[in-house]
Amino acid sequence: MARMELPAEALDWLAVWRGVRGLVLAGDLGLPRRLTAAGHTLFALTDDVTLAGRLGALDKVTPLVARPEAIPADPCQFEVAFAHQNLHRFDLSQALPQLARVLRPGGCLSASYLVRDDTVPWVRRLAALQRRYGPMAMRGHDGHASLEALAGSKYFADVEERAFRVWQRIGRDDLLSLVTAQPLAANLTPEQLDQLLGQVGELYDGAVRPGEALRLPFQLLGVRAWVDHAELTAPVQPPDSALSIPL
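Small disclaimer: the values here were computed from a predicted structure and weren't measured.

*Asks:* In this structure, what is going on with the packing of helix 5 (residues 121-131) against helix 9 (residues 190-207)? I would like to understand it.
*Replies:* Two elements in contact, helix 5 and helix 9, have axes whose closest approach is 11 Å; the angle formed by their N-to-C orientations is 165°. Classified by the interaxial angle, the pair formed by helix 5 and helix 9 is roughly antiparallel. In the crossing of helix 5 with helix 9, the sense of the turn from one axis to the other is right-handed. In this structure, helix 5 contributes Trp-122, Arg-125, Leu-126, Leu-129 and Gln-130 to the contact, and helix 9 contributes Leu-196, Gln-199, Val-200, Leu-203 and Ala-207. Taken together, the residues of the contact of helix 5 with helix 9 break down into seven nonpolar, two polar and one charged.

*Asks:* Looking at this model, I keep getting lost on the packing of aromatic side chains. Mind explaining?
*Replies:* What characterises a pair of aromatic rings is the spacing of the ring centres plus the angle enclosed by the ring planes. Applying the stated criterion across every chain, the model contains three aromatic pairs. Centroid distance Trp-17 to Trp-226: 6.0 Å. Interplanar angle 70°. Geometry classified as edge-to-face. Taken as a pair, Trp-17 in the loop between helix 1 (8-15) and strand 1 (21-25) and Trp-226 in strand 7 (residues 214-227) lie far apart in primary sequence, 209 residues in all. A relative accessible area of 39% means that Trp-17 is categorised as partly exposed.

*Asks:* Would you take a moment to explain helix 1 for this structure?
*Replies:* Spacing of three or four residues puts side chains on the same side of an α-helix, whose turn is 3.6 residues. When we look at burial in helix 1, the residues that qualify are Ala-10, Leu-11, Trp-13, Leu-14 and Ala-15. On its buried face, helix 1 sits against helix 2 (30-37), strand 4 (78-84), strand 5 (103-116), strand 6 (156-170) and strand 7. A positive backbone phi angle near 70° is found at Val-16, which sits one or two residues after helix 1.

Definitions and cut-offs
- Residues numbered from 1 in each chain as written.
- Predicted model: local features only at pLDDT ≥ 70, side-chain atom pairs only at ≥ 80, totals over all residues.
- Heavy atoms only, no water.
- Axes fitted to C-alpha atoms, helices over the stretch in contact; angles between N-to-C directions.
- Helix = DSSP H or I, 4+ residues; strand = E, 2+ residues; numbered from the N terminus.
- Parallel < 35°, antiparallel > 145°, perpendicular 65-115°, else oblique.
- Left-handed = near helix turned anticlockwise from the far one by under 90°.
- Contact = heavy atoms within 4.5 Å.
- Nonpolar A, V, L, I, M, F, W, Y, C, P; charged D, E, K, R; others polar.
- Phe/Tyr/Trp six-rings, centres within 6.5 Å; stacked < 30°, edge-to-face > 60°.
- Buried < 20%, exposed > 50% of the residue type's maximum accessible area, 1.4 Å probe, protein only.

Next up, the structure:
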C-alpha cells in the first residue's frame, strides 16, 4: 500500500502563506519534502541524529538536533511551526511556550493528524467483524486529542480547526496485511486468525466493484493556533535582522 500523501489544499492551509520560514517538528522526511517542494524554507527539529543527517541532505532544510521543549533559536525566528502526527509525543507544558517564543508576531503553530474515518459503511462492517474477536479492535488512539491542548493554551490566542477528507486506495492483499498487523491478530490462535482473514476477504469481495480497489477513508484534522506573546514570562523582541539562529 502506497504512502498516504497530504492533500495539497491541506498543505497550503497549514502553511498559511507562500514561501514561509518554517520550523517543523520532524518525525520523518515526508512533511519536510512536501513543504520545501511547495517553496518553503525549513529548520527541522529532531532529537534523532540519524534523521537529522537525512534531513540535512534535503534542499532548503537545516536540521536542528533538539526537542521542542528546548528550542535552540532566538525569539521570533519563524512564521509557522509545523507538527504532523507527533504533537502528543512532547511535554506540551514546556513545548508550547518554547514554540510561542520562536514564532514571529502574527505567526502560528500548524498541527495535524491523519485519523481513520469510520463513517463509511464497509469500514464499519470491518470494525464490527474484528470486534467479534476483540472488543478493542480498531479503537486506536491516534494522539489527535493533543490538539485540544492548543485550544486551551494561553500562548495561542486564537485557534482555527479544519478537516480534510483523504482517500487511500487499498487492494485485497493490502487489507489482509493491515488486519494481520493489528494488535488483535497477535492474540488470536492460528485457526482464529485464518477464520478472521477469510471473513475479511469475503467482506472485501462483497464491497468492491469488479476491476477496482476499495478506498480506505481518513480525515486530516488540522489546527492553526495563532501565537500570543503576552503570556510569556520574558519579553520577546523581534530581531532587527533577518533569520538568525545560533547553532
